[in-house]
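Each chain is listed here by its residues.
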Amino acid sequence: QVQLVESGGGLVQAGGSLRLSCAASGHTVVTYIMGWFRQAPGKEREFVAGIWWRIGITNYADSVKGRFTIFRDNAKNAVYLQMNSLKPEDTAVYYCAAGTTTDASIRDGYNYWGQGTQVTVTV
């Protein structure tokens, strides 16, 4: 099994920045995609960003394009989400995920999930 642990969430003022980290352990050789999802109160979990692990091809939700960047460190088995120009609507629990799907935006294509880290953006 693959275990994922997120960190880096917190409270930040609108316009500020945060960097989320996701450390992966266990059997990851068959993991092709890693991504970030988020879930706000009363809303469904939504796709934020994904990356093809070995090659580095990325995909982003329209709501975060130009503000968020996903990147990975293959040697450390870690994936990161740099979040800039944060808005109150970015407030959510952010989840790291890993899967074998070729479409990073499909939630059901991910097999493993972290426990989540809270990001709160104040006005």
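Residues numbered from 1 in each chain as written. Predicted model: local features only at pLDDT ≥ 70, side-chain atom pairs only at ≥ 80, totals over all residues. Heavy atoms only, no water.

Draft legend 1. Highlighting the layout of surface pockets. Put simply, the largest pocket is a space of about 160 Å³. Counting residues per element, the ones that place at least two in the lining of the largest pocket are β5 (46-52) and β6 (58-60). It is β5 that provides the largest number of residues to the lining of the largest pocket, a total of 3 residues. Grouping the constituent residues of the lining of the largest pocket by class yields 6 nonpolar, 6 polar and no charged. (1 Å grid on protein atoms, 1.4 Å probe; cavity = no way out; pocket = protein on both sides within 12 Å on 5 of 7 lines; lining within 4 Å. Points joined across faces, edges and corners; volume = space filled by probe spheres on them. Helix = DSSP H or I, 4+ residues; strand = E, 2+ residues; numbered from the N terminus. Nonpolar A, V, L, I, M, F, W, Y, C, P; charged D, E, K, R; others polar.)

Draft legend 2. Seen up close, the pattern of salt bridges. Summed over the entire model, instances satisfying the criterion amount to 4 salt bridges. Taking the shortest distance from any N to any O, the salt bridge between K65 and D62 comes out at 3.1 Å. Look at the salt bridges and you will find they share partners, linking R38, E46, R67 and D90 into a network. (Salt bridge = Lys/Arg side-chain N within 4 Å of Asp/Glu carboxyl O.)

Draft legend 3. Fine view of the environment of Y95. Take Y95: it is sitting in strand β9 (residues 92-99). On the basis of relative accessible area, Y95 is assigned to the buried category, the value being 13%. Residues Y95 and V64 lie 31 residues apart in sequence; the distance between their C-alpha atoms is 15 Å. (Buried < 20%, exposed > 50% of the residue type's maximum accessible area, 1.4 Å probe, protein only.)

Draft legend 4. Region of interest: a nonpolar patch on the surface. Residues Y32, W52, I55 and I57 make up a contiguous nonpolar surface patch of roughly 430 Å² in combined accessible area. Following the sequence through the fold, I57 ends up in the loop between β5 and β6. The exposed category is assigned to I57, whose relative accessible area is 51%. (Patch = residues over 30% accessible without salt bridge, like charges linked within 9 Å, V, L, I, M, F, W, Y side chains within 5 Å. Areas by Shrake-Rupley, 256 points an atom, 1.4 Å probe, with all protein chains shown as cover.)

Draft legend 5. Up close: the state of the cysteines. Using the criterion set out here, one finds 1 disulfide in the structure. Covalent S-S linkage joins C22 and C96, the inter-sulfur distance amounting to 2.0 Å. Residues C22 and C96 are joined by a disulfide whose S-S torsion is about -80°; by sign, that bridge is left-handed. In this pair, C22 is assigned in strand β3 (residues 18-26) and C96 in strand β9, connecting sequence segments 74 residues apart. Assessed through its relative accessible area of 0%, C96 is described here as buried. (Disulfide = S-S within 2.5 Å.)

Draft legend 6. Region of the structure containing the nonpolar core. With 35 residues, the main nonpolar core has M34, W36, V79, L81, M83 and Y94 as its most contacted residues. No other element matches β9, which puts 5 residues into this core. (Core = buried A, V, L, I, M, F, W, Y, C linked by side-chain atoms within 4.5 Å.)

Draft legend 7. Spatial organisation of the pairing of strand β7 (residues 68-73). Relative to strand β8 (residues 78-83), β7 runs antiparallel, the two being bridged by 6 bridges. Bridging from a neighbouring strand, F71 pairs with Y80 of β8. Counted along the chain from β7 to the antiparallel partner β8, the turn is 4 residues long, and its residue N77 has a positive phi close to 50°. (Pairing = 2+ DSSP bridges.)

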